[in-house]
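# A closer look at the structure
One-letter residues, chain by chain:
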Amino acid sequence: MTETDVRAALRAQRIEVPSWAYGNSGTRFKVFAQPGVPRNPEEKIADAAQVHAYTGVAPVVSLHIPWDRVDDFGKLASYAAERGVRIGTINANVFQDDDYRLGSVTNPDPRIRRKALGHLLECVDIMDATGSRDLKLWFSDGTNYPGQDDIRARQDRLAEALHATYQRLGADQRMLLEYKLFEPAFYLTDVPDWGTAYAHCLKLGERAQVVIDTGHHAPGTNIEFIVAFLLREGRLGAFDFNSRFYADDDLMVGAADPFQLFRIMHEIVRADALRVDSGVNFMLDQCHNIEPKIPAQIRSVMNVQEATAKALLVDTDALAAAQAAGDVLGANGVLMDAYNTDVRPLLAQVREEAGLDPDPMAAYARSGYAERIAAERVGGQQAGWGA
Ligand code: LRH
Ligand code: MN
Ligand code: MN
């Protein structure tokens, strides 16, 4: 790839941000309120628009329902457009209702299963109103004790709900199924891994795709293998990017393990899946419990850009030659050369060429936006957890 091609690919890259990153969040021990956090979905979108204004690559905001419920989603979409962004993925939420204690779509009680399915279908109505392509499904469903429920029956119930939801999708809409090893269920999770998600998606049809949330694996899992495999099968629909040290920490992507992020982006570039029309959606799914939220989102976007730039700089000819020759150290050296390149000057140049400040963090800090929202907004909304 020539340097011009690399710069063009970086300019064209798109990263979607989550509405919930801008609200107050925390752990089950404490939610620390921050000054100026959004009081409603409109203000979350306004904050997301700031991230796009300074990075130029984050024009899409993902919603979580009911956290972002409004009366008129068409109007919310117009509001987003006025701010220079658009509404992207709609995330369903069947994990915060007392009825879901024993599961949502896998619950042994058919009444509760119907209620959960009703919510999933309502999310597709919302997609119709916002013009969204993707419905993202993550189920907290699972059990805490061996014998608590029948593992196979729960898979049947899950398949039934997925099928009904898939049937409701419009021709241009997709269903993205997200897996997670554990939490909140501690013994069994009904969609615990990519294999389970992939098998359900295969049965549903081409517009059912797997989501990789980078924080949802056992420690030591080779995530780039999963990326490569799903890309090869045409079933990688999206990422929820974040980083983790222990479990589902939801820290800033690229903070815990920038090398892993580079390895993931290397597989993306290798499969030519960086293109906006590749079908792979690159989303952040993070919480900023102690750090200021808008700068943390800007930093996260920059971290993805840096990993991407390094992946684009891999000398693919030299890598292929070393691999073909069985040159173990040579091949590894090619990859490490790219990873160890300081790409910050290149990205600064890309931003300047796009008419942006080369330093988005400093530009945002200078803008006075943080001080303005702190003064204007009183009584900010919690992101969703424990609300
Ligand atoms: C589950 C998850 C999923 C939810 C989000 C808030 O852990 O990653 O994507 O929608 O967190
Ligand atoms: Mn997620
Ligand atoms: Mn998660």
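Residues numbered from 1 in each chain as written. Chains lettered and ligands numbered in written order. Predicted model: local features only at pLDDT ≥ 70, side-chain atom pairs only at ≥ 80, totals over all residues.

In the annotation of an unreviewed UniProt entry, the entry for the protein chain reads L-rhamnose isomerase, and the organism field reads Plantactinospora endophytica.

To continue, consider the overall build of the protein chain. Across its full length, the protein chain holds 14 helices and 10 strands. Computed over C-alpha atoms, the radius of gyration of the protein chain comes to 21 Å, within 12% of the 21 Å expected from 2.2 N^0.38 for 387 residues, which places it in the range of a compact globule. Across its three principal axes, the protein chain shows a C-alpha extent of roughly 60 × 60 × 40 Å. Excluding contacts between residues fewer than 6 apart, the proportion of contacts in the protein chain whose partners are at least 24 apart in sequence is 78%. (Helix = DSSP H or I, 4+ residues; strand = E, 2+ residues; numbered from the N terminus. Rg over C-alpha atoms; globule rule 2.2 N^0.38 Å. Contact = placed C-beta atoms within 7 Å.)

Our focus in this paragraph is the packing of helix α10 (residues 316-324) against helix α11 (residues 328-339). One way to put it is that α10 packs onto α11 with a least axis distance of 8 Å and a crossing angle of 160 degrees. By the angle class used here, α10 and α11 are roughly antiparallel. Our pair here, α10 against α11, has a crossing hand that is left-handed. Between α10 and α11, the contacting residues are A318, L319, A322 and Q323 on the first element and G330, A331, V334 and L335 on the second. Here the residues of the contact of α10 with α11 sort into six nonpolar, two polar and no charged. (Axes fitted to C-alpha atoms, helices over the stretch in contact; angles between N-to-C directions. Parallel < 35°, antiparallel > 145°, perpendicular 65-115°, else oblique. Left-handed = near helix turned anticlockwise from the far one by under 90°. Nonpolar A, V, L, I, M, F, W, Y, C, P; charged D, E, K, R; others polar.)

Taken together, N91, W138, E178, K180, D213, D240, D248 and D285 make up all the residues around ligand 1. Among the residues making up the shell around ligand 1, the classes are represented as one nonpolar, one polar and six charged. (Near = placed C-beta within 6 Å.)

Turning our eyes to something else, we now look at the nonpolar core. Among the nonpolar cores identified, the biggest contains 99 residues, and V61, L137, L177, V210 and I212 are the most heavily contacted of them. Among the elements that make up this core, the one with the highest residue count is helix α9 (residues 293-312) (10 residues). Setting aside anything within four residues of it in sequence, one finds V61 in contact with V17, S19, I45, A48, A80, V85, I87 and G88. (Core = buried A, V, L, I, M, F, W, Y, C linked by C-beta atoms within 7 Å. Buried ≥ 20, exposed ≤ 12 C-beta atoms within 10 Å, placed from the backbone.)

Before going further, it helps to spend a moment on the pairing of strand β6 (residues 174-178). Judged by how many residues are buried, β6 sits mostly within the fold: five of five residues are covered. Side-chain alternation along β6 places R174, L176 and E178 on one buried face and M175 and L177 on a second face that is also buried. With five bridges connecting them, strand β4 (residues 134-138) and β6 associate as parallel partners. Bridging from a neighbouring strand, L137 pairs with L177 of β6. (Pairing = 2+ DSSP bridges.)

The N-to-C vectors of helix α1 (residues 3-12) and helix α12 (residues 344-353) enclose an angle of 65 degrees; their axes lie 10 Å apart at closest approach. Of the possible angle classes, the one that applies to α1 and α12 is roughly perpendicular. α12 is crossed by α1, and the crossing has right-handed handedness. Here R7, L10 and R11 of α1 come into contact with α12, specifically with L347, V350 and E353. Residue composition of the contact of α1 with α12, by class: three nonpolar, no polar and three charged.

In this section: unusual backbone geometry. With an omega of 20 degrees, the peptide bond running from I65 to P66 counts as cis. With respect to the secondary-structure elements, P66 resides in the loop between β2 (60-65) and α3 (73-82). At the junction of E183 and P184, the peptide bond is cis and its omega measures out at 10 degrees in the coordinates. In this structure, P184 sits in the loop between β6 and β7 (188-189). For E183, which is not glycine, the phi torsion reads 80 degrees and is therefore positive. Take E183: it is sitting in the loop between β6 and β7.

Quick look at the environment of L120 now. By the element assignment, L120 lies in helix α4 (residues 110-130). The class for L120 is buried, based on 23 C-beta atoms found within 10 Å. Setting aside its immediate chain neighbours within four residues, L120 contacts A92, L137, A161 and T165.

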